[in-house]
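Topology and contacts: notes
For reference, the chains in residue letters:
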Amino acid sequence: MSNKSFRGIHPPDMKFATSSVPVEAVSVPAGFELYISLAQHIGAPARPVVTKEQPVRAGEQIAEANGFISANIHSPVDGTVTAVDVFVDYPGNTRTSAIVIKTADNQSGDFVRLPEALLADTARAAGIVGMGGAMFPSHVKLSPKEQLDTLIVNGVECEPFLTCDHRLMLERTSHLISGTLTIKEALKLKKAVIGIEANKPDAADAVRRAAKDRLEVILLPLKYPQGGERQLIKSVTGREVPEGKLPAELGVLVHNVSTVLAVYDAMYGHKPLTHRVVTVTGDVKQPKNLLVPIGMSISHLIDLCGGAVGEIEKVILGGPMTGFAVQSLNIPVYKGMNGVVVYTKKSGKDITPPVLPCIRCSRCVDACPAGLSPVMLENFAAQEMYEELAAWKLLSCIECSACNYVCPSSRPLKNLFRLAKKQTTAVAAKRA
């Protein structure tokens, strides 16, 4: 077990409801409409390449990458395009353009296959993005300018409640190993490591048995956010990524388990990224890990789990630490959505604690895995002191919510820092 460490916290993992529940593939009813967002990734939204009333096949490209930092999008089903450039709800209480596809009565069971190509070209053609939540186009990371030496596959899944990667490590073990070795060999890397947190010993054992001596499997201590990219690199290699530097500059490439499996499917199954596994849990009648098509609404996912147990108070996309609370259940599944956590009203009480004044206890400083001072950053952000925010390294904040978790006054620090980072970046760009 790795003994390299960083500051962090130890929230309860809350994975018991779904960690032993196998992935269930969801079929799409005839006449069902999928709302497929054009913003499935970091960077420029994709550009539609289909028109209204056009029939499409499963796997057919319906939108193309609109630049290098962008990603292709494909239809998950056989069907007909019923609308292009309509607006749909999106995390962050925003809206984004989408393509609507109505499912055909009869599904062929086949899909449009990708042509054979090299690794990065295949990832680009398949529309693969980081599926742990970051949604960075994978072909960019698979086309490094720097000489890399180490691949780390992130099997940590440190967010409470989420178990989709855990189940995939158990159910698609051999594919995960093949996908990892494919990336290692294509990029001529010296070493490949799969990092798994200690609360998943069954997954670690399964991966270790399948890997044999072809790659290294490291069991990592329970600490949040162990799955953060920079924290994972430090835990596995001992290398620290300096502020303003990228992991590639230290010779390291990190990919999430689901992303590596998407690479495997594209390289060996010639299949574009059209579905993903989502953990639907919390206050639902039957928590599940569901393999669902991109574009299915989260309200339908909740229904597939028997509905909520009581009146819904809050729904978070992703995990409770880094995810987004949403105001609409019409948000469609996107490539980076790994979880839907449902909270219901309990005895008429509001589950959100009151926000109290900061008492300067410095618990947030002790907990911050990025080594920042949240108490000072909050002061500067409240006063819109952007130079001070930059000097105190606000842009190194990974928005992990460790500061929120330990704060006895329930200060909404993560959301404040998320907004302040955007403002700080905008001011710096304007002045430059």
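The paragraphs below set out a description of the structure included in this document. (Residues numbered from 1 in each chain as written. Predicted model: local features only at pLDDT ≥ 70, side-chain atom pairs only at ≥ 80, totals over all residues. Heavy atoms only, no water.)

Quick word on the pairing of strand E12 (residues 252-256)
The two faces of the sheet receive side chains in turn, since in a regular strand these alternate between them. By the criterion of burial, E12 is predominantly enclosed, with five of the five residues buried. Judged by which residues are buried, E12 turns out to be covered on both faces: Val-252, Val-254 and Asn-256 on one side and Leu-253 and His-255 on the other are all buried. Here strand E9 (residues 150-155) runs beside E12; their pairing, made up of five bridges, is parallel. Residue pairing across strands places Ile-152 opposite Val-254, the latter belonging to E12. (Buried < 20%, exposed > 50% of the residue type's maximum accessible area, 1.4 Å probe, protein only. Helix = DSSP H or I, 4+ residues; strand = E, 2+ residues; numbered from the N terminus. Pairing = 2+ DSSP bridges.)

Here's the deal with the packing of helix H1 (residues 119-126) against helix H7 (residues 257-268)
At a closest axis distance of 9 Å, the pairing of H1 and H7 adopts a crossing angle of 100°. With respect to H7, the axis of H1 lies roughly perpendicular. Note on element contacts: H7 touches H1 through Val-263, Ala-266 and Met-267, opposite Leu-119, Thr-122 and Ala-126. Looking at the contact of H1 with H7 residue by residue, the class counts come to five nonpolar, one polar and no charged. (Axes fitted to C-alpha atoms, helices over the stretch in contact; angles between N-to-C directions. Parallel < 35°, antiparallel > 145°, perpendicular 65-115°, else oblique. Contact = heavy atoms within 4.5 Å. Nonpolar A, V, L, I, M, F, W, Y, C, P; charged D, E, K, R; others polar.)

Things to note about the sheet that holds strand E2 (residues 33-37)
The antiparallel open sheet is built from four strands, whose spatial order is E2-E8-E7-E4. Both edges of this open sheet fall to E2 and strand E4 (55-56), since each of them pairs with a single strand only. Pairing between E2 and strand E8 (residues 94-103): five bridges, direction antiparallel. Looking at the pairing, Ile-36 lines up with Ile-99 of E8.

Some thoughts on the sheet that holds strand E3 (residues 47-48)
If you trace the three strands from one edge of the open sheet to the other, you get E3-E5-E6, paired in antiparallel fashion. Bordering the open sheet on either side are E3 and strand E6 (73-74), each of which pairs with just one other strand. Sheet topology note: the E3/strand E5 (residues 61-64) ladder contains two bridges and is antiparallel. For Arg-47, the partnering residue across the bridge sits in E5 and is Glu-64.

Let's talk about helix H4 (residues 173-186)
The terminal C-alpha atoms of H4, which comprises 14 residues, lie 20 Å apart, in line with the 20 Å expected from a rise of 1.5 Å per residue. Those residues of H4 not exposed but buried are Thr-173, Leu-176, Ile-177, Gly-179, Thr-180, Leu-181, Thr-182, Ile-183 and Lys-184. Positive backbone phi, approximately 55°, marks Lys-188, located one or two places after H4. (Expected span 1.5 Å × (residues − 1).)

Side note on the side chain of His-139
Take His-139: it is sitting in helix H2 (residues 138-141). According to the relative accessible area criterion, His-139 is buried, its value standing at 3%. Here His-139 is in contact with Phe-68, Ser-70, Ala-120, Ala-123, Arg-124 and Ile-128, once residues within four sequence places are set aside.

Here's the deal with the side chain of Thr-259
With respect to the helices and strands, Thr-259 occurs in helix H7. Looking at Thr-259, the relative accessible area reads 1%, which means it is buried. Polar contacts involving the side chain of Thr-259 include one to the main-chain amide nitrogen of Met-131, which spans 2.9 Å. Contact partners of Thr-259, with chain neighbours within four places excluded, come to Ile-128, Val-129, Gly-130, Met-131 and Ser-138. (Polar contact = N/O pair within 3.5 Å; in protein donor to acceptor, adjacent residues only side chain to side chain.)

Looking at the pattern of salt bridges
If the charged atoms of two oppositely charged side chains come close together, the side chains can form a pair. Evaluation of the coordinates by the stated rule reveals 17 salt bridges. For the salt bridge of Glu-243 with Lys-393, the shortest nitrogen-to-oxygen distance reads 3.9 Å. One end of the pair, Glu-243, is in the loop between helix H6 (229-237) and E12; the other, Lys-393, is in the loop between helix H11 (386-391) and helix H12 (402-406), with 150 residues separating them in the sequence. Look at Glu-243 and you get partly exposed, because its relative accessible area is 43%. (Salt bridge = Lys/Arg side-chain N within 4 Å of Asp/Glu carboxyl O.)

Quick notes on helix H3 (residues 164-171)
By the criterion of burial, H3 is predominantly enclosed, with six of the eight residues buried. Considered for burial, the residues of H3 that qualify are Cys-164, Asp-165, His-166, Arg-167, Leu-168 and Met-169.

A few points about the pairing of E5
Judged from the two bridges that link them, E5 and E6 form a sheet pairing that is antiparallel. In the strand pairing of E6, Gln-61 is matched with His-74.

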